[in-house]
Amino acid sequence: SFDLAEIAAAAQEGRVDTLFLPRDGQRLSSPDASELADEAVLATVRARGAVRTWDAWEWSADAIATFRY
């Protein structure tokens, strides 16, 4: 998924296997995106998912995630 709201919701359900975010938080499109990203990171780690960051972020999306199930 490339939709941060969908990713955050899936993370709360424990369905995010790997979450990819830009290393530089300034690349997030809005303060709401930053809050959603924080929630997604915490929920992903809680469910034993992986969080990865990229320094050279070339995506137009705020985040990318692969889901379980």
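Reading guide: rules and limits
- Residues numbered from 1 in each chain as written.
- Predicted model: local features only at pLDDT ≥ 70, side-chain atom pairs only at ≥ 80, totals over all residues.
- Heavy atoms only, no water.
- Patch = residues over 30% accessible without salt bridge, like charges linked within 9 Å, V, L, I, M, F, W, Y side chains within 5 Å.
- Areas by Shrake-Rupley, 256 points an atom, 1.4 Å probe, with all protein chains shown as cover.
- Salt bridge = Lys/Arg side-chain N within 4 Å of Asp/Glu carboxyl O.
- Lys, Arg positive; Asp, Glu negative; His and termini not counted.
- Charge placed at Lys NZ, Arg CZ, Asp CG, Glu CD.
- Helix = DSSP H or I, 4+ residues; strand = E, 2+ residues; numbered from the N terminus.
- Buried < 20%, exposed > 50% of the residue type's maximum accessible area, 1.4 Å probe, protein only.
- Pairing = 2+ DSSP bridges.
- Axes fitted to C-alpha atoms, helices over the stretch in contact; angles between N-to-C directions.

## Examining a negative patch on the surface
Among the surface-exposed residues, Asp32, Glu35, Asp38 and Glu39 lie close enough to one another that they form a single negatively charged patch. Along the chain, Glu39 turns up in helix H2 (residues 31-46). Using a relative accessible area of 32% as the deciding quantity, one classes Glu39 as partly exposed.

## Re unusual backbone geometry
The phi angle at Arg48 is positive, at roughly 65 degrees, despite the residue not being glycine. Within the secondary structure, Arg48 is located in the loop between H2 and strand S2 (50-54). Classification of Arg48 by relative accessible area gives exposed; the value is 76%. Located in the positive-phi region is Tyr69, a residue other than glycine, with phi close to 70 degrees.

## Some words on a nonpolar patch on the surface
Together, Phe2, Trp54 and Trp59 give the surface a local cluster of nonpolar side chains, amounting to about 350 Å² of exposed area. Within the secondary structure layout, Phe2 lies in the segment before helix H1 (4-12). Relative accessible area serves as the criterion here: at 52%, Phe2 is assigned to the exposed category.

## Describing the sheet that holds strand S3 (residues 64-67)
Spatially, the three strands line up as an open sheet ordered S2-S1-S3, and their pairing is mixed. Unpaired on one side and paired on the other, S2 and S3 mark the two borders of the sheet. Between one strand axis and the next, the sheet turns by 15 degrees as a mean value, whatever way the strands run. Alignment of strand S1 (residues 16-22) against S2, held across five bridges, turns out to be parallel. By the bridge assignment for S2, Leu19 is matched with Val51.

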